[in-house]
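# Inside the fold
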Amino acid sequence: MPSVRDPVPLNVGGEVYTTTLDTLSRCRDSMLGAMFTGEIPVVFRYILNYLRSGSLDLPHDFSELSLLRREADFFQIRPLLEEIDLREASVPLSLRGGLLGAMVSVSFESTVAVRRFLIEKQVSCSELQDIFMKRE
């Protein structure tokens, strides 16, 4: 990894600029600063592949969909977010992460009760999470 003072070439719209990581990461709260500070997220390879091919190709055992969503949202890649939505919709509720996934996997009775509640009340997952968070 280059040091913060090493020259870094950037090709922006065909124009090559040379700067340093120190300059690029000076405003850490900005999108540009965030791109050049810290570790590259493990999901960036999938974002880059999506941008190249237009297809979201993930390994069968891929378990970082929520991290991929956060990164796609950070970079504001709307078509990738839509693709992730389609992926998430195809995953059974009991296999999804987070509060709802944990609840549904507790027991068969819990699964039936939660699904009936969701269907009858037409409650979204985020609304259900809010309900349970208020109880604590």
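Residues numbered from 1 in each chain as written. Predicted model: local features only at pLDDT ≥ 70, side-chain atom pairs only at ≥ 80, totals over all residues. Heavy atoms only, no water.

As recorded in an unreviewed UniProt entry, the chain goes by Potassium channel tetramerisation-type BTB domain-containing protein and comes from Nothobranchius furzeri.

We now examine the pattern of salt bridges. Summed over all chains, the structure comprises four salt bridges. A salt bridge links arginine 5 to aspartate 22, with the nearest nitrogen and oxygen atoms 3.9 Å apart. With arginine 5 in the segment before strand E1 (7-12) and aspartate 22 in helix H1 (residues 21-24), the pair connects residues that are 17 residues apart, well separated along the chain. We classify aspartate 22 as partly exposed; its relative accessible area is 27%. In this structure, a network of salt bridges that share partners links the residues Arg5, Asp22 and Arg26. (Salt bridge = Lys/Arg side-chain N within 4 Å of Asp/Glu carboxyl O. Helix = DSSP H or I, 4+ residues; strand = E, 2+ residues; numbered from the N terminus. Buried < 20%, exposed > 50% of the residue type's maximum accessible area, 1.4 Å probe, protein only.)

Attention now goes to helix H3 (residues 44-53). Every buried residue of H3 is listed here: Tyr46, Ile47 and Tyr50. Buried residues in H3, looked at end-on, bunch into an arc of 105°, giving them a common side. Exposed residues on H3 whose side chains face more than 90 degrees from its buried face are Arg45, Leu51 and Arg52. With its phi angle positive at about 75°, glycine 54 sits one or two positions after the end of H3. (Arc of directions from axis to C-beta.)

On to helix H4 (residues 65-74), then. Within the sequence span of H4, burial applies to Leu65, Leu67, Leu68, Glu71 and Ala72. For H4, the angular spread of the buried residues around the axis is 155°, confining them to a single face. The secondary structure elements touched by the buried residues of H4 are H3 and helix H5 (78-90). Downstream of H4 by one or two residues, glutamine 76 has phi in the positive range, about 55°. (Contact = heavy atoms within 4.5 Å.)

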